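# Inside the fold
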Amino acid sequence: MEERLSTKWSFAWRMSFRVMGWYFPLVSIIVLFVVMVFPETRSRTIEIVMPLIAGLQAAFLFAPDDEPALELLLSSPRPASWVIYERLAALLGIQVSIGLLWSLLISALPDMPDVPALVIGWLPPTLALIGLAAAITFVMRRSSFGVLAALFIYGALLFAGDMAVMQWNFAWVVHLFLQRDFAYALAMTWNSSPDLLYFANRAVLMLVGAAGMVWILYGLRDEEKMLGAGNRG
């Protein structure tokens, strides 16, 4: 019995890694190499690349209308939430490992930030975009919506996030790409410590990512609604 259970769990983990795909990690590595070529973006290479690729991959985490055999999944004695846990663990295991290895590589270059500074720069926005993309996919029921949302949020905040914060100061709290230097300018407006503002921003981003995953797990509890929506023509 224990051997059969162990085999079943091993198969589930292998399937989770298969569903998450090998091409997203490959794309991450290729794009990291490309962005790293440019000296002006070298210190922010991981921060620029990882949130987007991980967010796009998260859009395929669990889309009810695209999920094969949804009825069997929900009727199985094994809780459906474990599918989310396993696929999320596979996604994070792959992408975070790439990010950490790249942080070590970049920190070894001259005049580059150390590993903790690099990690706190890319990990919170990566987690936030994973949670947002996965939750939008789940709510809209198709992966394409999560992909479009990840692209829009990423592009808007990467290229216009600083301008948005200058226009609406309160938006700093959810700015995915808030920089320490920019936090110093905000500190004068809010009469606060720049480090406090920066780390508060990082903490909120991680909470946003966690909230997205909690939303999915809560929605899985309503199996009748999920089946009814999944069977719509």
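Residues numbered from 1 in each chain as written. Predicted model: local features only at pLDDT ≥ 70, side-chain atom pairs only at ≥ 80, totals over all residues. Heavy atoms only, no water.

## Some words on the pattern of salt bridges
Under the convention used in this document: Salt bridge, as applied in this entry: a Lys or Arg side-chain nitrogen positioned within 4 Å of an Asp or Glu carboxyl oxygen. Residue burial is assigned from relative accessible area. The probe radius is 1.4 Å, only protein chains are included, and a residue is buried under 20% of its type maximum, exposed over 50%, and partly exposed in between. Runs of E in the DSSP output that reach at least two residues are strands. Runs of H or I that reach at least four are helices, and both are numbered from the N terminus.
If you walk through the whole model with that rule in mind, you get two salt bridges. Between Glu47 and Arg44 there is a salt bridge, and its shortest N-O distance comes to 3.4 Å. Glu47 gets classed as buried once you look at its relative accessible area, which sits at 8%. In this structure Arg44 comes out as partly exposed when scored by relative accessible area, which is 24%. Of the charged contacts in the structure, one is a salt bridge between Arg180 and Asp195, with a shortest N-O distance of 3.4 Å. With Arg180 in helix α8 (residues 180–190) and Asp195 in helix α9 (residues 194–219), this pair connects stretches of sequence that are 15 residues apart.

## Points about unusual backbone geometry
Peptide bonds are trans in most cases, and residues, glycine excluded, mostly fall at negative phi. Phi is positive for Asp111, which is not a glycine, with a value near 60 degrees. Its place among the elements puts Asp111 in the loop between α5 (81–107) and α6 (115–140). A relative accessible area of 79% means that Asp111 is categorised as exposed.

## Notes on the packing of α5 against α6
To keep it simple, the criterion reads: Between N-to-C directions, angles span 0 to 180 degrees; the directions come from axes that are lines fitted to C-alpha atoms, helices contributing only their stretch in contact. Relative orientations are named as follows: roughly parallel for angles under 35 degrees, roughly antiparallel for angles over 145 degrees, roughly perpendicular for angles from 65 to 115 degrees, and oblique for any other angle. For any helix crossing, the convention is left-handed if the near helix is rotated counterclockwise from the far helix by under a right angle, and right-handed if that rotation is clockwise. Throughout, a contact is declared for two residues whenever any of their heavy atoms are within 4.5 Å. Asp, Glu, Lys and Arg are counted as charged, while Ala, Val, Leu, Ile, Met, Phe, Trp, Tyr, Cys and Pro are counted as nonpolar; the rest, among them Gly, fall into the polar class.
Where α5 meets α6, the axes come as close as 10 Å, and the angle between the chain directions of the two elements is 155 degrees. Between α5 and α6, the angle falls in the class roughly antiparallel. For the crossing formed where α5 meets α6, the hand is right-handed. When α5 is examined against α6, the residues Leu88, Leu91, Leu92, Val96, Gly99, Leu100, Ser103, Leu104, Ile106 and Ser107 are found in contact with a partner set consisting of Val115, Leu118, Val119, Trp122, Leu123, Leu127 and Ile130. Class assignment of the residues belonging to the contact of α5 with α6 gives a composition of 14 nonpolar, three polar and no charged.

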